[in-house]
Amino acid sequence: MQRTIIDFWVGLFVMAGMGALLILGLKVGNLTSYNTGESYTLIGNFENIGGLKIRAPVKSAGVVVGRVTDIQFSLETYDAVVTMGINSYYRFPKDTFASILTSGLLGEQYIGLSAGGDEEMLTEGDKIMKTNSAMVLEEMVGRFLFDKAAED
Amino acid sequence: MSEPLIEIKDLAFSYSTRPILKSVNMTMSRGKVIAIMGGSGSGKTTLLRLIGGEIKPTAGYVKVADQVVHKLGRNDLFRLRRKMGMLFQFGALFTDLSVFDNVAFQMREHTNLPESMIRDLVLMKLHAVGLRGAYHLMPSELSGGMARRVALARSIALDPMLIMYDEPFTGLDPISLSVIGSLIRRLTDALGMTSIVVTHDVQESLKIVDYVYFLADGVIAAQGTPGEVRESVTPFVHQFVHGEEDGPVPFHYPAEAYPKDLKLERHLA
Amino acid sequence: MPKRIITSIQAVGHRIIDGIWRLGCAARFFILVLLKSAASFLRFGLVIREVYFVGVLSLIIILVSGLFVGMVLGLQGYETLQKYGSESAVGTLVALSLVRELGPVMSALLFASRAGSAITAEIGLMKATEQLAAMGMMAVDPIARVVAPRFWAGVISMPLLAALFSVMGVFGGYLVAVVFIGVDEGAFWSSMQNAVDFRYDIVNGVIKSCFFGVAVTAIAVFEGFDAPPTAEGVSGATTRTVVTSALAILGLDFVLTSFMFRGVD
């Protein structure tokens, strides 16, 4: 096929467009930190998840170790069932404590894992027994006022 | 006299209810130049479009090379059209292609010829119309006459058996006009094809054609060889050939009586 | 008086019926273009040629507008966010609004007025100068040879242009917020990367721009092909392309957004 200068420009254009998509993925988006490797699921029941959302990070000691993959309401226990995908590289003991935390006063909510001391490790599909619900601001304010009133 | 290439029988066509052609009969032989003349709006261009199969007749048929055009399927029609050329009024060159690519267009679309052979063929076709030196120009750089010559070269690209010319002489200076006229005649003779020229340029076309049909009001008003036409005493033909302003084709559009329109009756009365 | 009312009602009715008619024609034409596209993929050189005309030649306007839109977003975002002391979130604001909405929508609007109108005018003029009829008489189908390559070139170019628009926008936001105003660079990028999800935000943006590309070029080629073969006809068709495309883009954007972002996030 005959090559023309137009082909060159079109090639350059397509390359630039693909490059732009790549930049969007790597520099603007979270493709770099995207969990493409193997992961295993853990489940935790929470009394109240507050504003937790799907894809929220799961952190341990501030390091992202996984993401929330699913949130359901259980009709048996009447609480929230949160499914997490944890990077296979990170293993946690059986007695790990999961709590819903907030980054900053108004920031987004995430699940914090604090490792326990058990010898056995959590595996695929295991349930985290020890959970701590989200702090709900209204409840906190309510309790504070109640305590104040009780002091008087 | 060779066998007829085109046979038109009882052809009629109308746009919704407005009749354009009513019962036209013609036969055209191979190797001839045939002119179809008539005033503006007499259905000449419609006739060409019927022959090319762009539109279907309401009655009658057109037979080209023993095939009834409007009964052909799409593929057969396209196969037939490869053997037809058409020269549009202003050339209709592809404005985004150069002169060379315009002439090469059909060869590239319909054949698998190698590029070197296409080049030779294109230059031959351009040479035939005297524009070999202009192969690199774009259509916008051509004069009206040159554009039409290029379009002529393009329409003979695949050596068709039939070329139709839609008003090939319109808007040309006298020199370009006679160049196009003699090209039509020469190419028809050299390639042994049939040419149908739709025109209202009487003097130029009478010089080159073999037979003339006059269309008026959707029927053939007169026909004959150029010699017969020149000598014709039929009022319509006489008016047309000599360009008289009044005659069977009236100068005035049909209207109420002039005094009545100007509301003069009262004063006259 | 009632007669006048009746005629105006009749006029409205005529316009509605005419609109339905045209929509039907457009749908039929669209399917025809899709059916006859195989040939233009076999001869991809034709499509590449048109990518040059609709894509490469739209680059300048897309890049410059993207830069300015991003700069404005950076400035406005900073103005508002600094009141709440969260000016580092300006990166999030710029990136999310560009990747999700402004990138696909603005570039599609610019594309419609730059390339869409050019496609309509070109096809309309080819029709008015009998080039399409000539092509048909040469046994070459104008839809396969002229319309389909332009259609696919537009569909290919649109997402690429939208991505370039977004990148230029983010760069413009970066220029204003980080370089001129002095927001912390690390916070700018990290808040952005935390908030923008590749599959959820970026891929959805690309899908949107693909839809816009199909809509704009389909409208452009139809208006061109359907234009009355006169100078006024072509200029009217060009105007209609831009107006109809703009409406289609914004309407489609709402529909797509409501499908893609259901407030799960």
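Residues numbered from 1 in each chain as written. Chains lettered and ligands numbered in written order. Predicted model: local features only at pLDDT ≥ 70, side-chain atom pairs only at ≥ 80, totals over all residues. Heavy atoms only, no water.

Focus on the pattern of salt bridges
- Overall, the coordinates contain 24 salt bridges over all chains when judged by the stated rule.
- Here K94 of chain A and D126 of chain A are joined by a salt bridge, their closest N and O atoms 3.1 Å apart. Here K94 of chain A is found in the loop between β4 (80–87) and β5 (97–102), whereas its partner D126 of chain A is found in strand β7 (residues 126–128), with 32 residues between them in sequence.
- The salt bridge involving R185 of chain B is made with D210 of chain B; its shortest N-O contact spans 3.0 Å. Here R185 of chain B is found in helix α6 (residues 174–191), whereas its partner D210 of chain B is found in the loop between α7 (202–208) and β9 (211–216), with 25 residues between them in sequence.
- D210 of chain B sits in the partly exposed class, given a relative accessible area of 25%.
- Here the salt bridges do not stand alone but share partners, grouping D96 of chain B together with R49, E50, E122 and R150 of chain C into one network. (Salt bridge = Lys/Arg side-chain N within 4 Å of Asp/Glu carboxyl O. Helix = DSSP H or I, 4+ residues; strand = E, 2+ residues; numbered from the N terminus. Buried < 20%, exposed > 50% of the residue type's maximum accessible area, 1.4 Å probe, protein only.)

Examining the interface of chain A and chain C
- Counting from both sides, the interface comprises 25 residues of chain A and, opposite them, 30 residues of chain C.
- Taken over both partners, the interface formed by chain A and chain C buries close to 2,500 Å², and the fraction arising from carbon and sulfur atoms is 77%.
- Of all residues in chain A, the largest losses of buried area upon contact with chain C belong to F13, V28 and R55 of chain A, amounting jointly to 27% of the total for that side.
- The interface formed by chain A and chain C includes zero salt bridges.
- If you look at where chain A meets chain C, you find zero residue pairs in polar contact (both at pLDDT 80 or more). (Contact = heavy atoms within 4.5 Å. Buried area = accessible area lost by both parts, 1.4 Å probe. Polar contact = N/O pair within 3.5 Å; in protein donor to acceptor, adjacent residues only side chain to side chain.)

Points about the confidence of the model for chain A
- On average, residues of chain A score 81 in pLDDT, and 90% of them reach the 70 mark or higher.
- The secondary-structure element of chain A with the lowest mean pLDDT is helix α2 (residues 137–151) of chain A, recorded at 81, while β4 of chain A shows the highest, at 88. (pLDDT = per-residue confidence, 0-100.)

Brief notes about the arrangement of the chains
- In this assembly two pairs of chains touch, with chains A and C having more contacts than any other pair.
- The closest approach of any C-alpha atom in chain A to one in chain B is 10 Å; the two make no contact.

Observations regarding the side chain of D201 of chain C
Residue and element names in this part refer to chain C.
- Position of D201 relative to the elements: it lies in helix α9 (residues 198–226).
- Residue D201 is classed as buried on the basis of its relative accessible area, which comes to 1%.
- Separated by 2.6 Å, the side chains of D201 and R100 make a polar contact.
- Excluding residues within four positions of it along the chain, D201 makes contact with L96, V99, R100, A195, V196 and F261.

With respect to the domain arrangement of chain A
- The assigned domain composition of chain A is domain 1 (1–34) and domain 2 (37–141).
- The C-alpha centroid of domain 2 of chain A is placed 39 Å from the C-alpha centroid of domain 1 of chain A. (Domains from an automatic or database assignment.)

A word on unusual backbone geometry
- Of note in the backbone geometry, Y78 of chain A takes a positive phi value of approximately 50° without being a glycine.
- Note that Y78 of chain A resides in the loop between β3 (63–73) and β4.
- Judged by relative accessible area, Y78 of chain A falls into the exposed class, the value being 58%.
- Phi angles above zero are rare outside glycine, and A139 of chain C is one such case at about 65°.

Regarding the packing of helix α7 (residues 142–181) of chain C against α9 of chain C
All names here are of chain C.
- Contact geometry for α7 and α9: axes closest at 8 Å, N-to-C directions at 150°. By the angle class used here, α7 and α9 are roughly antiparallel. Of the two elements, α7 crosses α9, and the hand of that crossing is right-handed. Here α7 contributes I143, V147, R150, F151, G154, V155, M158, P159 and A162 to the contact with α9, which in turn contributes V206, S209, C210, F212, G213, V214, T217, A218, V221 and F225. (Axes fitted to C-alpha atoms, helices over the stretch in contact; angles between N-to-C directions. Parallel < 35°, antiparallel > 145°, perpendicular 65-115°, else oblique. Left-handed = near helix turned anticlockwise from the far one by under 90°.)

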